[in-house]
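Take a look at the letters that make up each chain.
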Amino acid sequence: MARTPLMAGNWKMNLDHLEANQLIQKLSFTLADAGYDPSQSEAVVIPPFTDIRTVQTAIDADSVPLKYGAQNVSTHDNGAFTGDISTAMLVKLGCSYVVVGHSERREYHGETNEIVGEKAKKVLDAGMVPIMCCGEALDIRKEGTHVDFVLGQISQMLAPLSAQQVAQSVIAYEPIWAIGTGEVATPADAQEVCGAIRRHVAELFDQTTADAVRIQYGGSVKASNVRDIMAQPDVDGALVGGASLKPEEFAKIIMFYA
Ligand code: 13P
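Thresholds, definitions, all that
- Residues numbered from 1 in each chain as written.
- Predicted model: local features only at pLDDT ≥ 70, side-chain atom pairs only at ≥ 80, totals over all residues.
- Heavy atoms only, no water.
- Near = heavy atom within 4 Å.
- Polar contact = N/O pair within 3.5 Å; in protein donor to acceptor, adjacent residues only side chain to side chain.
- Areas by Shrake-Rupley, 256 points an atom, 1.4 Å probe, with all protein chains shown as cover.
- Nonpolar A, V, L, I, M, F, W, Y, C, P; charged D, E, K, R; others polar.
- Helix = DSSP H or I, 4+ residues; strand = E, 2+ residues; numbered from the N terminus.
- Expected span 1.5 Å × (residues − 1).
- Buried < 20%, exposed > 50% of the residue type's maximum accessible area, 1.4 Å probe, protein only.
- Arc of directions from axis to C-beta.
- Contact = heavy atoms within 4.5 Å.
- Salt bridge = Lys/Arg side-chain N within 4 Å of Asp/Glu carboxyl O.
- Pairing = 2+ DSSP bridges.
- Axes fitted to C-alpha atoms, helices over the stretch in contact; angles between N-to-C directions.

*Asks:* Can you tell me about the site of the ligand, naming the residues and giving the values?
*Replies:* Close to the ligand lie 13 residues; Lys12, His102, Gly180, Ser220 and Gly242 are nearest. A distance of 2.8 Å separates an oxygen atom of the ligand from a polar atom in the side chain of Lys12. Here an oxygen atom of the ligand and a backbone polar atom of Ser220 are 2.8 Å apart. Summarising the interface, the protein chains cover 94% of the accessible area of the ligand, which totals 310 Å² for the free molecule. Its residues assigned to classes, the shell around the ligand shows four nonpolar, seven polar and two charged.

See below:
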């Protein structure tokens, strides 16, 4: 079963809309020069909300072979939710993907697995694809209970979704101790958990769903380590933070296959 690799750059709270425009231009030139083939890997940028309109314009104007999405979304449709953004607003801006349940949202905004599942359902119902994040903190990794911990997150996050919805979704395994630390999980560490997630999806749903869902690794992914990580059978992509802010570096990550 062929799963197209998904290389996504989560900009987090970086780059204003002018800087976003520059990054898209540079990324676009670099990919074109290097002969990027979108059938080999799907490339996505995930800017802050305030940049999305600019990113949309830059991509559409030059038919840049990039998709884009948002870092978060509300569980509500509209109304008195000051500061929140709805799925309908993101659809109107042409977003394809929405990250839900990033560990930074869990830590600083109290998002639980239940909320993450609810957001994922909202995203799917709106016709976009959720990138559902999971991953353990360092203390859990040291205890050696990380696989069970992550599978517990997966069970709760996927509970509101149908098999068909899960098949269209993306799960990102991001061990918290590897995020922004320069400490990358070994390819074997990434495979251990991504493989366990896929087997768990087969148990919760069925093998067809497990074969279809794309599972990314995230945490200090760079051009220098992406190939070994992508060589793992259950790793279908990368969710990249810091390195996605450097267009040449991110272009190399997108073109890991070359
Ligand atoms: P870094 O690549 O900066 O470690 O961030 C990973 C991440 O959190 C992507 O969502």
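*Asks:* Run through helix 5 (residues 113-125), naming residues and quoting values.
*Replies:* Here helix 5 contains 13 residues, and its C-alpha end-to-end distance of 18 Å stays within 8% of the 18 Å for a straight helix at 1.5 Å per residue. Listed in full, the buried residues belonging to helix 5 are Asn113, Val116, Gly117, Lys119, Ala120, Val123 and Leu124. In a view along the axis of helix 5, the buried residues occupy a sector of 165°, so they form one face of it. Buried positions along helix 5 lie against helix 3 (87-92), strand 4 (97-100), helix 4 (103-109), strand 5 (129-134), helix 7 (146-158) and helix 8 (163-168).

*Asks:* Outline the environment of Gly219, supporting the account with residue identities and numerical values.
*Replies:* Mapped onto the secondary structure, Gly219 falls in the loop between strand 7 (214-218) and helix 11 (226-230). Residues contacting Gly219, with those up to four places away along its chain left out, are Glu174, Ala178, Ile179, Val184 and Leu239.

*Asks:* Mind laying out the pattern of salt bridges, listing which residues take part and the relevant values?
*Replies:* Under the definition given, this model contains 12 salt bridges. Among the ionic pairs, Lys119 bridges to Glu111, the shortest N-O distance being 2.7 Å. On the basis of relative accessible area, Glu111 is assigned to the buried category, the value being 7%. Here Lys121 ties to Asp125 by a salt bridge, and the two come within 3.1 Å at their closest N and O atoms. With Lys121 and Asp125 both in helix 5, this residue pair falls four residues apart, about one helical turn.

*Asks:* Summarise the sheet that holds strand 2 (residues 42-46); cite the residues concerned and give the values.
*Replies:* Within a sheet, each strand pairs with its neighbour through backbone hydrogen bonds, oriented either parallel or antiparallel. On the basis of which strands lie adjacent, the closed barrel formed by eight strands has the order 1-2-3-4-5-6-7-8 and parallel pairing. On average, each strand axis in the sheet is tilted by 25° relative to the strand beside it, whichever way the strands run. As paired elements, strand 3 (residues 67-70) and strand 4 share two bridges and run parallel to each other. Residue pairing in the sheet places Ala70 in a bridge with Val98 of strand 4. Packed on one face of the sheet, helix 12 (residues 247-254) meets strand 1 (6-10), strand 2 and strand 8 (237-240) and runs near 155° to strand 1.

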